[in-house]
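Here is how the chains run, residue by residue.
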Amino acid sequence: MDTQAQPVAPDFQSVKFIYFDLDDTLIDHKTAQDRALVDVWTQYPELQQVEPLVLASQYAESNRRLWEAYRKNEVSQSELRRLRFEETFRRLGIGSLDWREMDRVYLDCYSRHWDWIPGAREALVRISKQFPTGIMTNGFIFVQKKKFEYFSLNRYTRNLIISEEVGHLKPDPRIFSFAAEKTGLQPGELLYVGDSYSSDIVGGSRSGWKTAWYQPDGNDGGRDPENNLADLVFSGFAELLKIFQTP
Ligand SMILES: [Mg+2]
């Protein structure tokens, strides 16, 4: 008798189309951002009065806060790109660096560190043979379109949706309904796979979609994985594939 624990298959029978989040779900954005900031650090002696990881963590904190302000329409895209450097430098006591140059050098370094999340490409290839798929991402058009091209995402997916094109960021229900309309399906027939509880899981669930929460380190702000809106919580893409395996 097989006594091994079996994965609890959620009710995904109704799913006819699967949308994926991009950053930190399919593509490892956090590592690319950290490595890009270390690259920038090595090029500017002015930055070297602090440790590279201190620079990276202060930038990440400012960037996260400014993205939240951008989502609420409190700052524009160009203000976000200026302030994430100006605020980081001010907080670390670093002066005399031009944010435009930092922005250009950073984005160039960032794109050189792009890579898949482990197992994500294989999962996307396999799932896209079984279901029509799409990408829905909060991001800037000029950056995200380069990622679509770099990772050849149009080979696997039908719909590539960027918040800047839609004019609303996740978890706003308007970007979810825009994505749903593109499929011609009902919300309950759509699955969203993403790593952010507040943007992806809350946004998807409130729009009536099925949701799968990618939680590789089991830690998204200390939220209890047993007590959440997601239909599935998974820590690696092999687990997601198991759900769709025909018995
Ligand atoms: Mg994400």
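Visitor: Got a sec to walk through the nonpolar core? Specific residues and values, please.
Guide: One recurring pattern in soluble globular proteins: nonpolar side chains tend to sit buried together. Counting 63 residues, the largest nonpolar core has L26 and L240 as its most contacted members. Ranked by residue count, the leading element in this core is helix α4 (residues 99-111), at seven residues. Residues from two domains meet in this core; each of domain 1 (17-28 + 116-244) and domain 2 (30-111) gives at least three. Here L240 is in contact with F20, I127, V193, A212, L232 and F234, once residues within four sequence places are set aside. Counting 12 residues, the second-largest nonpolar core is a separate cluster that includes I161, I175, A179 and L190.

Visitor: So, the coordination of the magnesium ion: which residues are in play, and what are the values?
Guide: D21 (OD), D23 (O) and D195 (OD) make up the full set of protein donors to the magnesium ion, lying at 2.1 to 2.2 Å. As a motif over one chain, the donors of the magnesium ion read D-x1-D-x171-D. Residue D21 is found in the loop between β1 (17-20) and α1 (29-43), and its partner D195 is found in the loop between β4 (190-194) and α9 (197-206); the two are separated by 174 residues along the sequence. On the accessibility criterion, D195 (16% relative accessible area) is buried.

Visitor: Let's hear about the domain arrangement of the protein: which residues, and what values?
Guide: For the protein, the domain assignment lists domain 1 (17-28 + 116-244) and domain 2 (30-111). Here the C-alpha centre of domain 2 lies 26 Å away from the C-alpha centre of domain 1. Each partner contributes to the interface: domain 1 provides 12 residues, whereas domain 2 provides 11 residues. Overall, the association of domain 1 and domain 2 removes approximately 1100 Å² of surface from exposure, summing both partners, and the carbon and sulfur fraction of that is 61%. Three residues, D28, F140 and L169, lead the burial of domain 1 against domain 2; their summed loss comes to 50% of the area buried on that side. Viewed at the interface, domain 2 and domain 1 are joined by one salt bridge. Residue K30 is joined to D24 by a salt bridge in which the shortest nitrogen-to-oxygen separation is 3.7 Å. One can count five residue pairs in polar contact (both at pLDDT 80 or more) joining domain 1 with domain 2. It is helix α6 (residues 141-150) that provides the largest number of residues to the side of domain 1 that touches domain 2, a total of three residues. Taken together, the residues that form the side of domain 1 that touches domain 2 break down as five nonpolar, one polar and six charged.

Conventions we followed
- Residues numbered from 1 in each chain as written.
- Predicted model: local features only at pLDDT ≥ 70, side-chain atom pairs only at ≥ 80, totals over all residues.
- Heavy atoms only, no water.
- Core = buried A, V, L, I, M, F, W, Y, C linked by side-chain atoms within 4.5 Å.
- Buried < 20%, exposed > 50% of the residue type's maximum accessible area, 1.4 Å probe, protein only.
- Helix = DSSP H or I, 4+ residues; strand = E, 2+ residues; numbered from the N terminus.
- Domains from an automatic or database assignment.
- Contact = heavy atoms within 4.5 Å.
- Donors = N, O, S within 2.8 Å, 3.2 Å for Na, K, Ca; no water.
- Buried area = accessible area lost by both parts, 1.4 Å probe.
- Salt bridge = Lys/Arg side-chain N within 4 Å of Asp/Glu carboxyl O.
- Polar contact = N/O pair within 3.5 Å; in protein donor to acceptor, adjacent residues only side chain to side chain.
- Nonpolar A, V, L, I, M, F, W, Y, C, P; charged D, E, K, R; others polar.

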